Amino acid sequence: MEYNAQNLEKKWQEYWAKNRSFEPSEDFTKEKKYILSMFPFPSGRLHMGHVRNYTLSDTFARYYRQQGFNVLHPIGFDSFGMPAENAAIKNGSHPKGWTYDNIEYMKGEFKTLGFSFSKERELATSDELYTKFEQGFIIDMFEKGLLYRKKGLLNWCPHDQTVLANEQVVDGCCWRCDTPIVKKDMNQYYFKITEYADELLADLSKLENGWPKQVLTMQENWIGKSNGLEFDLFFDDMSLSKLNNTFKSFDVFTTRPDTIYGVSYTALAPEHSIVTYMIENSLISEEAIAKIKEMKNTSSIDRQKEKSGIDLGLHVVHPLTGKKVPAWCANFVLMDYGSGAVMAVPAHDERDFDFAKKYDLPINAVIKPFDGELESDKAYTEVGELFNSGEFDGMNSKKSQYNIIKYFEENSIGKKTTNYKLKDWGVSRQRYWGAPIPFVHCDDCGIVMEKKENLPIALPQDVEITGEGNPLENHPTWKYCSCLKCGKDAIRETDTMDTFVESSWYFLRFCASPANWEKEAFSKEQIKYWMHQKGHEGVDHYIGGIEHAILHLLYARFFTKVFRDLGYLDFDEPFDRLLTQGMVLKDGAKMSKSKGNTVDPDALIEKYGADTARLFILFAAPPTQELEWNDSAVEGAYKFIKRFFDRSSNILKTDTIPQIEHASLSKDEKFARKKVYEALKRANDVYNEKFTFNTLIAGTMEAMNALNTQTNSEVWTEGYWILTSIMEPVIPHVCWQISNENFSLNNLSKQKIIEEVFVEDSVTLGVSINGKRRCEIEVSIDASKESIIDMAKEKAAKWLEGQTIVKEIVVPNKLVNLVVKG
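All of these numbers come straight from a predicted model, not from anything done at the bench.

K.L.:
Provide a residue-level description of the overall build of the protein chain, including the pertinent values.
P.N.:
Counting its regular elements, the protein chain contains 25 helices and 36 strands. With respect to the principal axes defined by its C-alpha atoms, the protein chain has extents near 105 × 80 × 50 Å. For the protein chain, the proportion of its 822 residues judged to be buried stands at 55%. Nonlocal contacts in the protein chain, meaning residues at least 24 apart in sequence, comprise 72% of its contacts between residues at least 6 apart. A total of about 36,100 Å² of accessible surface is found on the protein chain, and carbon and sulfur atoms cover 47% of it. Separation of charge centres in the protein chain, based on 100 positive and 120 negative side chains, amounts to 3 Å.

K.L.:
How would you sum up the packing of aromatic side chains? Please name residues and give values.
P.N.:
The final tally for this structure, using the stated rule, is 65 aromatic pairs. Measuring from centroid to centroid gives 6.0 Å for tyrosine 54 and phenylalanine 117, while their planes differ by 80 degrees, and the two rings are edge-to-face. Note that tyrosine 54 is positioned in helix α2 (residues 48-66) and phenylalanine 117 in the loop between α4 (95-112) and β4 (123-124), a separation of 63 residues in sequence. Looking at lysine 184, its charged tip hangs above the ring of tryptophan 156, at a distance of 3.9 Å from the centre.

K.L.:
Which residues make up the sheet that holds strand β23 (residues 480-482), and what values do they have?
P.N.:
Strand order in this open sheet of four strands is β22-β21-β24-β23, and the pairing throughout is antiparallel. Where the open sheet ends on each side, the last strands, each with one partner, are β22 (446-449) and β23. Averaged over all neighbouring strand pairs, the angle between strand axes comes to 40 degrees, with direction disregarded. In terms of strand pairing, strand β21 (residues 439-442) meets strand β24 (residues 489-492) through two bridges, oriented antiparallel. Looking at the pairing, histidine 441 lines up with isoleucine 491 of β24. Contacting β21 and β22, helix α5 (residues 128-143) crosses the sheet at an angle of about 130 degrees to β22.

K.L.:
Break down the packing of α2 against helix α18 (residues 610-619) for me, with residues and values.
P.N.:
The N-to-C vectors of α2 and α18 enclose an angle of 90 degrees; their axes lie 10 Å apart at closest approach. One finds that α2 runs roughly perpendicular with respect to α18. Residues Met48, Val51, Arg52, Thr55, Leu56, Asp58, Thr59 and Arg62 of α2 touch α18, and the partners they reach there are Arg614, Ile617 and Leu618. Partitioning the contact of α2 with α18 into residue classes produces five nonpolar, two polar and four charged.

K.L.:
Quick rundown of helix α10 (residues 286-296)? Include the residues and the values.
P.N.:
Buried residues of α10: Ala288, Ile289, Ile292, Met295 and Lys296, and no others. The buried residues of α10 occupy an angular sector of 115 degrees when projected down its axis, which confines them to one face. α10 presents Glu286, Glu287 and Glu294 as exposed residues on the side facing more than 90 degrees away from its buried surface. The elements touched by buried residues of α10 are β9 (182-191), α9 (273-280), β13 (309-317) and β14 (324-330).

K.L.:
If you had to explain the side chain of asparagine 331 to someone new, which residues and values would you point to?
P.N.:
Mapped onto the secondary structure, asparagine 331 falls in the loop between β14 and β15 (341-344). Reaching out from asparagine 331, the side chain makes a polar contact with the backbone oxygen of glutamate 306 at a distance of 2.8 Å. Non-local contacts of asparagine 331, meaning those with residues more than four positions away in its chain, are made with Pro270, Met295, Arg303, Gln304, Glu306, Lys307 and Ser308.

K.L.:
Let's hear about the pattern of salt bridges: which residues, and what values?
P.N.:
A full pass over the atoms with the stated rule returns 45 salt bridges. In this structure, aspartate 572 engages lysine 206 in a salt bridge whose closest nitrogen and oxygen atoms are separated by 2.5 Å. One end of the pair, aspartate 572, is in the loop between α16 (551-565) and β29 (575-581); the other, lysine 206, is in the loop between α6 (197-202) and α7 (213-223), with 366 residues separating them in the sequence. Across the salt bridge formed by lysine 479 and glutamate 473, the nearest N and O atoms sit 2.9 Å from each other. Within the structure, one salt-bridge network assembled from shared partners comprises Glu199, Asp203, Lys206, Arg557, Lys561, Arg564, Asp565, Asp572 and Glu573.

Basis of the calculations
Numbering of residues starts from 1 in each chain and follows the order in which that chain's sequence is written. Only residues with pLDDT of at least 70 get local features here, since the model is predicted, and only at 80 or more are side-chain atom pairs given and counted; chain-wide, interface and lining totals rely on the full set of residues. By convention in this description, side-chain values take in all heavy atoms of the structure and omit both hydrogens and water. Secondary structure elements follow DSSP: runs of H or I no shorter than four residues count as helices, runs of E no shorter than two count as strands, and numbering proceeds from the N terminus. The cut-offs for exposure are 20% and 50% of the maximum accessible area for each residue type, with area from a 1.4 Å probe on protein chains only; residues under the lower value are buried, those over the upper are exposed, and the others partly exposed. In this description, contact between two residues means that some pair of their heavy atoms is separated by no more than 4.5 Å. Calculation of accessible area relied on Shrake-Rupley with a 1.4 Å probe; when residues are assessed, cover is drawn exclusively from the protein chains displayed. Neither His nor the chain termini are counted; the positive set is Lys and Arg, and the negative set is Asp and Glu. Note on charges: their place is set at NZ of Lys, CZ of Arg, CG of Asp or CD of Glu. Pairing of aromatic rings covers Phe, Tyr and Trp, the last counted by its six-membered ring, and requires centre-to-centre distances within 6.5 Å; plane angles under 30 degrees mean stacked, over 60 mean edge-to-face, and any other angle means tilted. Should the NZ of a Lys or the CZ of an Arg lie within 6 Å of a ring centre and within 35 degrees of the ring normal, that charge is described as sitting over the ring. By definition, two strands form a pair when at least two bridges between them are found by DSSP. Axis angles are defined between N-to-C directions and span 0 to 180 degrees, where every axis is a line fitted to C-alpha atoms and, for a helix, only to the segment in contact. Any angle that is under 35 degrees is reported as roughly parallel, and any over 145 degrees as roughly antiparallel; angles of 65 to 115 degrees are reported as roughly perpendicular and all others as oblique. Any residue that is not Ala, Val, Leu, Ile, Met, Phe, Trp, Tyr, Cys, Pro, Asp, Glu, Lys or Arg is counted as polar, Gly included; the first ten are nonpolar and the last four charged. The arc refers to the directions leading from the helix axis to the C-beta atoms. Pairs of N or O atoms within 3.5 Å make up the polar contacts considered here, provided that, within protein, one atom can donate a hydrogen while the other can accept it, and that residues adjacent in sequence are counted only when both atoms are side-chain atoms. When a carboxyl oxygen of Asp or Glu lies within 4 Å of a side-chain nitrogen of Lys or Arg, that pair is called a salt bridge.

So far we have only geometry, and geometry alone does not tell us how the molecule works.
What follows is the structure in structure tokens.
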């Protein structure tokens, strides 16, 4: 039979669907594996990055099924979000219709690629049932004090007309549309992720054996824990008068208390309450106010590039020297970290130095090198010896930090404090296509939670999406309701939730089975089985892009800890092992429509078949590295599969693996068996430890070449029994076809390694004359020293002519050295 990828693949895809081949068992006595890829946004078409991601997870899932595990390998769609609204505006469609049409198309693509997803646990986060359970969790979190509402300056995307979390601002722009963000003062709901900052940081140590070091470092830096000194700077009398005694002081935080005597100015963030007061009361010039407003509308990233400031005409009193220190407003000071005010020490901080030089502010050095002189043209930021620092003169600057903090605490002028870069997670979004926040606003009762029996609070279908404002806010009836406490007229919350909320717990939802899918998000028994077994916590293998190292993974870790504290589960971390795959490139650049360098998976499958796409994806590069697209390599993958299929004609039909008497085989037959079992050993190593699927495939190719050098049908049969088992996770369709035709599918199971094939009958020894390698001999493994020397002399005869052998050396299993003289 000739290899026809399209017909063969369609046949097996229909078979798998009809026979529920990939549905997990409800038998919780079995050992399990939970394999999960980060689910996609339903944009309408899979790209090659998706194909790589899901091929990796599918390979793991299929391997572990063969090993006898109960495998959960689900798929869903992260289906809320702004692109659906943008598509609605562009196409005159409804976000829901656009989203679910795309989901159906992508599900078809999953099928054509042979992905072994559970069909009975598919979900979309925009499903009303998903929203129902999520809103219930939100109410629980609000009751526990982990969700709150306050007013503040928020990141606003003018293009998408919505708020962005700090994590969603990339280089000063919206993470999704690249529009520069501006600051806007408005109400926002926040998750108290900062309450878990210490635990999120400490528990990174639990992930060291299963997560890439790069990801752990990125999370550690994002949380940004730092210890230091916090103290108040009090205004002098003139400044108090200027501020109408409204403010007496402001607090600052520093990680460098050793530089306290070098403070020469202080700086406030443009958003600081003191600066706001001065603007509102016209205490600074109109020109200065305009510059400060410009600072506010500049992203935090851009504010770090070019330093700029305004002299506020205020002074504070240095807490130790009593000297007056000027107070400025500076663009580099952010409200996101500390109190939005800093003490500036230009002599020992590069940023402060640049600002002081620009505005001709004093530079007071207080640390000098242990050896050598201070350079006046730059900040000295190393450890050194204190001077001009009162009673602390002569101390090691690093060691002095403890003494200086102690002095502040003993004199009640400051205290040791821990700060974090991590801020509470803002989750309000002013858009339609998202999960409604389940609260109402009552003039008398304030914020009132919806009753759980009323959930879900679903989105109205009759909306007009124009791209301007919030469609829920503008809807004629949806937001009007009655207060659940007093019964008076109330307004429903029109903000929807950040879509990262949905992706922070979807992996738990997959644990529910069809039996309780409608009744509850998941049961404790299901969570315990799929997420917590044999000392391991969470999803066994989680696969996705490195771009999610901070946002999604941090939020999922936070939700897991919150759900634990709410009593839903009893473990700390969501993902045991994390594999971050590299990008798929073409012509050296990331594939994108704008660059015109994309590859359409549908066209690729139509030409070569899904198995070819899968084989190329896994063979072209290790999964964690970038993959460069190569058309000729795709053609090569197709040709290998065709040869693999064609050579199956050499095998005998059998329901059991052949029993072969190894000792009776020829040298080539023994070598072929050895290469087959080497491939099996390598496969087990790759699937369980290294994940370098390219080496697994290379091992199979080597075994195929070795099989081709001999003609023993039993050796061919045994070889294919094992190789189709090894390769089934990679190229499943062709392997199921070969296995079904020849082995009744019995070989798609755990394979046993036979150690006798690795026992060598002979060994190759190098032959050296006076230490110089001249030739090689092959000798029996149990050959005597005398026979080895005789063979060596015979093989090296031309180098021994006219020479006298004075010494004969045999190094077992390595070499023979003949020492001669002429």
